[in-house]
Amino acid sequence: PGVLLLEAMIQTGGALLRHSAGGLAGLGWLVALDKAKFRRPVFPCNRVAIELELLRMRNGYARLRAAATWT
């Protein structure tokens, strides 16, 4: 389930970048994934909220901060 959360955050980040003002027009690439931590398990009945923050966008590269919380 943790890998699925990472995938969901990556896809949400791609949608954010594509629809933002001055967003990416072509393909996006995941270059790095830093400080990923799994603090507790996720179960199929949990509701997940994904929060993204655009930190920097320069020369076609974007840096995002993402967090997933669930109950």
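Notes on the structure in this doc start here. Keep in mind the model is a prediction, meaning the values are calculated, not measured. (Residues numbered from 1 in each chain as written. Predicted model: local features only at pLDDT ≥ 70, side-chain atom pairs only at ≥ 80, totals over all residues. Heavy atoms only, no water.)

**So, the nonpolar core**
Note the following rule: As used in this record, nonpolar core signifies buried Ala, Val, Leu, Ile, Met, Phe, Trp, Tyr and Cys residues forming a set joined through side-chain atoms within 4.5 Å. Think of it in three bands: residues with accessible area under 20% of the maximum for their type are buried, residues over 50% are exposed, and the middle band is partly exposed, with areas taken using a 1.4 Å probe on protein chains only. Labels follow the DSSP assignment, with helices taken as runs of H or I lasting at least four residues and strands as runs of E lasting at least two, numbered in each case from the N terminus. Residue contacts are counted whenever heavy atoms from the two residues lie within 4.5 Å of one another.
The biggest cluster of nonpolar side chains holds six residues, and these are L5, L6, M9, V42, A68 and W70. When residues of this core are traced back to their parent elements, those giving at least two are α1 (2-19) and β2 (61-70). With three residues, α1 is the largest single contributor of residues to this core. Other than its neighbours up to four places away in sequence, V42 contacts P1, L5 and W70.

**Some points on α1**
Threshold: Here a helix's expected span is defined as the number of its residues, less one, multiplied by 1.5 Å. In this description, the arc belongs to the directions extending from the helix axis to the C-beta atoms.
Counted at 1.5 Å a residue, the expected span for α1 with its 18 residues is 26 Å, and the 26 Å between its end C-alpha atoms agrees. Three or more residues of α1 are buried, namely G2, L5, L6, M9, G13 and L17. Down the axis of α1, the smallest arc covering the buried residues is 110 degrees, so these residues share one side. Exposed side of α1, more than 90 degrees from the buried face: V3, L4, Q11 and H19 are the residues found there. As for α1, its buried residues are in contact with β1 (48-58) and β2.

**Description of unusual backbone geometry**
One non-glycine residue, K35, lies in the positive phi region at around 55 degrees. In this structure, K35 sits in the loop between α1 and β1. Using a relative accessible area of 78% as the deciding quantity, one classes K35 as exposed.

**Notes on the environment of G2**
You can see G2 is positioned in helix α1. Its relative accessible area of 19% is what places G2 among the buried residues. In sequence terms G2 and T71 are 69 residues apart; their C-alpha atoms lie 15 Å from each other.

**Details of the environment of L5**
Structurally, the position occupied by L5 is in helix α1. Expressed as a C-alpha distance, the spacing of L5 and V31, which sit 26 residues apart in the sequence, is 17 Å.

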